Amino acid sequence: NTAAGGGLVAPSVPCILLTAVAPHSLSMRPLVLPADATVELLVPPQSRSFPLATVDGRGLARMKVGSRVRVTKASSPVPVLETAAVSGPAG
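Summary of the structure given here. (Residues numbered from 1 in each chain as written. Predicted model: local features only at pLDDT ≥ 70, side-chain atom pairs only at ≥ 80, totals over all residues. Heavy atoms only, no water.)

## What to know about the overall build of the protein chain
Then, in step 1: Each helix and strand counted, the protein chain has 0 helices and 6 strands in total.
Then, in step 2: Taken from the N to the C terminus, the helices and strands of the protein chain come in the order β-β-β-β-β-β.
Then, in step 3: Burial status across the protein chain gives 12% buried among its 91 residues.
Then, in step 4: Sequence separation of 24 or more characterises 30% of the internal contacts of the protein chain that already satisfy a separation of 6 or more. (Helix = DSSP H or I, 4+ residues; strand = E, 2+ residues; numbered from the N terminus. Buried < 20%, exposed > 50% of the residue type's maximum accessible area, 1.4 Å probe, protein only. Contact = heavy atoms within 4.5 Å.)

## Points about a nonpolar patch on the surface
Then, in step 1: On the surface, Val9, Val13, Leu17 and Val32 cluster together into a nonpolar patch covering about 290 Å² of accessible area.
Then, in step 2: Structurally, the position occupied by Val32 is in strand S2 (residues 31–34).
Then, in step 3: For Val32, a relative accessible area of 52% puts it in the exposed group. (Patch = residues over 30% accessible without salt bridge, like charges linked within 9 Å, V, L, I, M, F, W, Y side chains within 5 Å. Areas by Shrake-Rupley, 256 points an atom, 1.4 Å probe, with all protein chains shown as cover. Salt bridge = Lys/Arg side-chain N within 4 Å of Asp/Glu carboxyl O.)

## A word on the nonpolar core
Then, in step 1: In terms of nonpolar packing, the biggest core is built from 6 residues, these being Ile16, Leu18, Leu33, Ala37, Val39 and Val71.
Then, in step 2: Once residues within four sequence positions are removed from consideration, Ala37 is found in contact with Ile16, Val71 and Thr72. (Core = buried A, V, L, I, M, F, W, Y, C linked by side-chain atoms within 4.5 Å.)

## Observations regarding the pattern of salt bridges
Then, in step 1: Tallying each qualifying case throughout the model produces 2 salt bridges.
Then, in step 2: The partner of Arg68 in a salt bridge is Glu40, with the nearest N and O atoms 2.7 Å apart. One end of the pair, Arg68, is in strand S6 (residues 68–71); the other, Glu40, is in strand S3 (residues 39–42), with 28 residues separating them in the sequence.
Then, in step 3: With relative accessibility at 53%, the residue Arg68 sits in the exposed group.
Then, in step 4: The shortest N-O distance in the salt bridge between Glu40 and Arg70 comes to 2.6 Å. Note that Glu40 is positioned in strand S3 and Arg70 in strand S6, a separation of 30 residues in sequence.
Then, in step 5: Residue classification places Glu40 among the partly exposed positions, given a relative accessible area of 36%.

## A few points about the environment of Pro14
Then, in step 1: Its location among the elements puts Pro14 in the segment before strand S1 (15–18).
Then, in step 2: Judged by relative accessible area, Pro14 falls into the exposed class, the value being 61%.
Then, in step 3: Separated by 19 residues in sequence, Pro14 and Leu33 have C-alpha atoms that sit 9.0 Å apart.

Here you go:
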């Protein structure tokens, strides 16, 4: 998320982070949404191209006209970073 220009959010904040990777417009900003939000992306009927979709950097799908992608919160949290206990200098 941060490598693509997304924001930093504390792990205790229940939310959905939606960040476009390599957007074609500078006006496309990262979104921080409430955890209960639903976002639906649609390829419109008049589209002249076929967008590619990737989720969490895995897989690649070519979307067709009329295709939809619905984004919701996962049923369980995804542990992304785990910190180890840090001890002071040995005494």
